[in-house]
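In case you want the letters, here they are:
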Amino acid sequence: MEKYLVVIPTVNERLSLPKMVQAVLKHDGFHVLVVDDASTDGTPEWVKEIISSTDRVSLIERPSKLGLGTAYITGFKWGIQRGFRYFIEMDADGSHNPDALPWFIKEIEEGVGLLIGSRYMNGSISVVGWDFRRLLLSKCGNLYASLLLGLGLTDMTSGFRCYSVQALQAIDLDGVHSTGYSFQIEMAYRVDAAGFKVHEMPIIFYERNYGSSKMSKRIVREAAILPWRLRIERLSGAVARTLFRKKYVKEISG
Ligand SMILES: Nc1nc2c(ncn2[C@@H]2O[C@H](COP(=O)(O)OP(=O)(O)O)[C@@H](O)[C@H]2O)c(=O)[nH]1
Ligand SMILES: [Mg+2]
């Protein structure tokens, strides 16, 4: 059985998905799970077609567009139940190059909980095809999240990344708040908070050639609020721990 599960969330990605899936399958040991949210362009039909010729691809179909975050959580739970050891997130639209997969595996197997493919390492910007507005949104979003959460990462919002099963099992997956792209920030925070190493490696991000982005104002709003939510959660956790410690010390000292 394969060790590595590549989870690909899709909404209307018929034009890009086949190339991505075929490029992943060129690498031994990888299984692809597509989590499709009610695509109407033939995406799930194409996946069913390929499933009839290989047992290294699976499909979960959901009834409506339920968000990137919940698509990944659904995929992770599916893979944990089936015994996969490493979980890779990848977009369907050609933005993430499957040729980088062996590099992810090499480092994650050295005991890292989460390995993020970063577009912004060593002070450079490795993005092809974004206009200035989109780049600014991404850079500012990253700066904002890292200032508030202090994880010292260059690209917390990157969606090309790999988790170990131990890191995913240490997190309460049902307690993850984010439905949209802030999911990436929240997961990096939670893996770090669970005591696992979070590392980065450089990748090049290519803007999609086909289909359209699902980014919306609601998704940006959710990402703006999330770091504050996590800070409050951290603070209330610390207060609860202090109160518990005081009560415990009082009890054992009589
Ligand atoms: N299943 C599912 N996939 C989604 C959803 N929103 C986005 N995606 C997928 O997530 C990946 C990244 O989305 P995309 O729109 O390209 O985001 P962008 O690269 O930030 O513009 C693509 O494969 C999308 O099809 C969603 O609500 N559900
Ligand atoms: Mg995209």
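## Notes on the nonpolar core
Nonpolar side chains in soluble globular proteins generally cluster together in the buried interior.
Piece 1. Phe76, Phe87, Met156, Tyr163, Phe183 and Met187 are the most contacted members of the largest nonpolar core, which totals 36 residues.
Piece 2. Looking at this core, the elements that each hand over two or more residues are strand E1 (4–10), strand E2 (30–37), helix H3 (68–81), strand E5 (114–118), helix H5 (132–149), helix H6 (165–170), helix H7 (182–193) and helix H8 (217–252).
Piece 3. When near neighbours in sequence (up to four residues on either side) are disregarded, Phe76 contacts Val7, Phe87, Glu89, Tyr163, Leu168, Leu173, Phe183 and Met187.
Piece 4. Core analysis: the next-biggest nonpolar cluster, separate from the first, contains 31 residues, Tyr4, Leu59, Val112 and Ile203 among them.

## Focus: the site of ligand 1
Piece 1. Close to ligand 1 lie 18 residues; Glu13, Asp93, Arg208, Ser213 and Lys214 are nearest.
Piece 2. A distance of 3.1 Å separates a nitrogen atom of ligand 1 from a polar backbone atom of Val35.
Piece 3. Here ligand 1 has 580 Å² of accessible area as a free molecule, and 96% of this is covered by the chains.
Piece 4. Going through the elements one at a time, E1, E2 and H3 are the ones with two or more residues in the shell around ligand 1.
Piece 5. Taken together, the residues of the shell around ligand 1 sort by class into seven nonpolar, three polar and eight charged.

## Some thoughts on the environment of Ile60
Piece 1. In this structure, Ile60 sits in strand E3 (residues 57–62).
Piece 2. Spatially, the C-alpha atoms of Ile60 and Arg231 are 33 Å apart, while their sequence positions differ by 171 residues.
Piece 3. Non-local contacts of Ile60, meaning those with residues more than four positions away in its chain, are made with Leu33, Val34, Val35, Asp36, Thr74 and Trp78.

## Brief notes about a positive patch on the surface
Piece 1. A grouping of Lys65, Arg133, Lys217, Arg218 and Arg221 is seen on the molecular surface, where their side chains present a positively charged patch.
Piece 2. Top contributing element to the positive patch by residue count: H8, with three residues.
Piece 3. Tracing the sequence through the fold places Lys65 in the loop between E3 and H3.

## Section: the pattern of salt bridges
Between side chains of opposite charge, a pair can form when the charged atoms approach closely.
Piece 1. A full pass over the atoms with the stated rule returns ten salt bridges.
Piece 2. Between Glu13 and Lys214 there is a salt bridge, and its shortest N-O distance comes to 3.0 Å. Taken together, the residues Glu13 in the loop between E1 and helix H1 (17–25) and Lys214 in the loop between strand E9 (205–206) and H8 connect sequence positions 201 residues apart.
Piece 3. Via salt bridges that share partners, Glu13, Asp93, Arg208 and Lys214 belong to a single interconnected network.

## Thoughts on helix H4 (residues 101–108)
Piece 1. Every buried residue of H4 is accounted for by Leu101, Phe104, Ile105 and Ile108. Buried residues in H4, looked at end-on, bunch into an arc of 95°, giving them a common side. Within H4, the exposed residues directed more than 90 degrees away from the buried face are Trp103 and Lys106.

## What to know about H7
Residues lying three or four places apart along an α-helix face the same way, a consequence of the helix completing one turn every 3.6 residues.
Piece 1. The first and last C-alpha atoms of H7 sit 16 Å apart over twelve residues, in line with the 16 Å expected at 1.5 Å per residue.
Piece 2. Taken across its twelve residues, H7 has ten buried, putting it largely inside the fold.
Piece 3. For H7, every residue scored as buried is listed here: Ser182, Phe183, Gln184, Ile185, Glu186, Met187, Ala188, Tyr189, Arg190 and Val191.
Piece 4. Downstream of H7 by a residue or two, Gly195 has a phi angle that is positive, lying close to 95°.

Cut-offs and rules
- Residues numbered from 1 in each chain as written.
- Chains lettered and ligands numbered in written order.
- Predicted model: local features only at pLDDT ≥ 70, side-chain atom pairs only at ≥ 80, totals over all residues.
- Heavy atoms only, no water.
- Core = buried A, V, L, I, M, F, W, Y, C linked by side-chain atoms within 4.5 Å.
- Buried < 20%, exposed > 50% of the residue type's maximum accessible area, 1.4 Å probe, protein only.
- Helix = DSSP H or I, 4+ residues; strand = E, 2+ residues; numbered from the N terminus.
- Contact = heavy atoms within 4.5 Å.
- Near = heavy atom within 4 Å.
- Polar contact = N/O pair within 3.5 Å; in protein donor to acceptor, adjacent residues only side chain to side chain.
- Areas by Shrake-Rupley, 256 points an atom, 1.4 Å probe, with all protein chains shown as cover.
- Nonpolar A, V, L, I, M, F, W, Y, C, P; charged D, E, K, R; others polar.
- Patch = residues over 30% accessible without salt bridge, like charges linked within 9 Å, V, L, I, M, F, W, Y side chains within 5 Å.
- Salt bridge = Lys/Arg side-chain N within 4 Å of Asp/Glu carboxyl O.
- Lys, Arg positive; Asp, Glu negative; His and termini not counted.
- Charge placed at Lys NZ, Arg CZ, Asp CG, Glu CD.
- Arc of directions from axis to C-beta.
- Expected span 1.5 Å × (residues − 1).

Taken by themselves, the reported measurements are silent on function.
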